[in-house]
Amino acid sequence: RKGLAELSQLAQAREVENFFATVFRLLQEQLGDKLDMPASAITESAIDDQLRPRGVPDEVASLLHELFQQCNQARYAPLRSTEELADLVPKVEAALRDLKKVALKSR
């Protein structure tokens with residue numbers, strides 16, 4: 001919750017680098033928790049390697065891919081407007097909320 005609140009503040013302050021670092025960290029932590037893996041071991045590949053085989057819905061996987069790709073693109077094209085950053089906050093919230101709801105199958 002703290003991280004999600006922080007995203008809105010970072011978007012308003014247009015702190016692009018910190019914004020995307022926070023998004024990436026939140027995704028890693030949530031996925032790591034869900035998959036019982038260390039957060040530091042989580043990359044975008046975990047979506048296809050770990051989540052899809054365990055039955056995560058396609059729309060959740062697609063949103064997670066999109067967010068990871070946004071984080072990666074931010075490293076190379078960091079100029080983002082406050083509005084663009086603010087528009088991503090609800091997507092991050094939705095991805096994390098939907099991920100919590102998913103009951104994964106055993107491998």
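Now for a description of the structure that goes with this document. Worth saying up front: this structure is predicted, and the values here are computed from it rather than measured.

Conventions used here
Every residue gets a number counted from 1 within its own chain, in the order that chain's sequence is written. Whole-chain, interface and lining totals are the exception, using all residues; otherwise, since this is a predicted model, local features are given only for residues with pLDDT of at least 70 and side-chain atom pairs are given and counted only at 80 or more. With hydrogens and water set aside, each side-chain value is computed from the structure's full complement of heavy atoms. In DSSP terms, a helix is any run of H or I states spanning at least four residues, a strand is any run of E spanning at least two, and both are numbered starting from the N terminus. Radius of gyration here uses only the C-alpha atoms, and the compact-globule reference equals 2.2 Å multiplied by the residue count raised to the power 0.38. Accessibility here uses a 1.4 Å probe with only protein chains present; expressed as a share of the type maximum, an area under 20% marks a residue as buried, one over 50% as exposed, and anything in between as partly exposed. Two residues qualify as a contact provided that any one of their heavy atoms is within 4.5 Å of a heavy atom in the partner residue. Here the open area of atoms and residues is found with the Shrake-Rupley method and a 1.4 Å probe, where only the protein chains shown may cover a residue. Neither His nor the chain ends contribute to the count of charged residues, in which Lys and Arg are positive and Asp and Glu negative. Taken as the charge centre is NZ of Lys, CZ of Arg, CG of Asp or CD of Glu, depending on the residue. Directions pointing from the helix axis toward each C-beta atom define the arc. Throughout, nonpolar core names a set of buried Ala, Val, Leu, Ile, Met, Phe, Trp, Tyr and Cys residues whose side chains join them through atoms within 4.5 Å.

1. Some thoughts on the overall build of the protein chain
So, point 1. Scanning the protein chain from terminus to terminus reveals five helices and zero strands.
So, point 2. Order of helices (α) and strands (β) in the protein chain, N terminus to C terminus: α-α-α-α-α.
So, point 3. Scaling as 2.2 N^0.38, a compact globule of 107 residues should have a C-alpha radius of gyration of about 13 Å, and the protein chain matches this with 14 Å.
So, point 4. The dimensions of the protein chain, computed from C-alpha atoms along their principal axes, are 40 × 25 × 25 Å.
So, point 5. Taking all 107 residues of the protein chain together, the buried fraction comes to 43%.
So, point 6. In the protein chain, the share of contacts with a sequence separation of at least 24, taken over all contacts with a separation of at least 6, comes to 64%.
So, point 7. Carbon together with sulfur atoms contributes 47% to the accessible area of the protein chain, which is approximately 6200 Å² in total.
So, point 8. On the protein chain, the mean spot of the 15 positive side-chain charges and the mean spot of the 17 negative ones are 5 Å from each other.

2. Describing the side chain of Q30
So, point 1. Positionally, Q30 belongs in helix α2 (residues 16–35).
So, point 2. Dropping the residues within four chain positions of it, Q30 is found in contact with L96, L99 and K100.

3. Looking at helix α1 (residues 2–12)
So, point 1. All of the buried residues in α1 are G3, L7, L10 and A11. On an axial view of α1, the arc spanned by its buried residues comes to 95°, and they lie on one face. For α1, the exposed residues set more than 90 degrees away from the buried face come down to K2, Q9 and Q12.
So, point 2. On its buried face, α1 sits against α2 and α5 (82–101).

4. A word on the environment of L10
So, point 1. In this structure, L10 sits in helix α1.
So, point 2. Remark: the alpha-carbon pair of L10 and A86, spanning 76 residues in sequence, is separated by 8.9 Å.

5. Here we look at the nonpolar core
It is characteristic of soluble globular proteins that their nonpolar side chains tend to be buried jointly.
So, point 1. In this structure, F19, F20, L51 and L64 are the most contacted members of the largest nonpolar core, which totals 34 residues.
So, point 2. Elements that contribute at least two residues to this core include exactly α1, α2, α3 (45–51), α4 (58–76) and α5.
So, point 3. Residues contacting F19, with those up to four places away along its chain left out, are L7, L10, A11, L85, L88 and V89.

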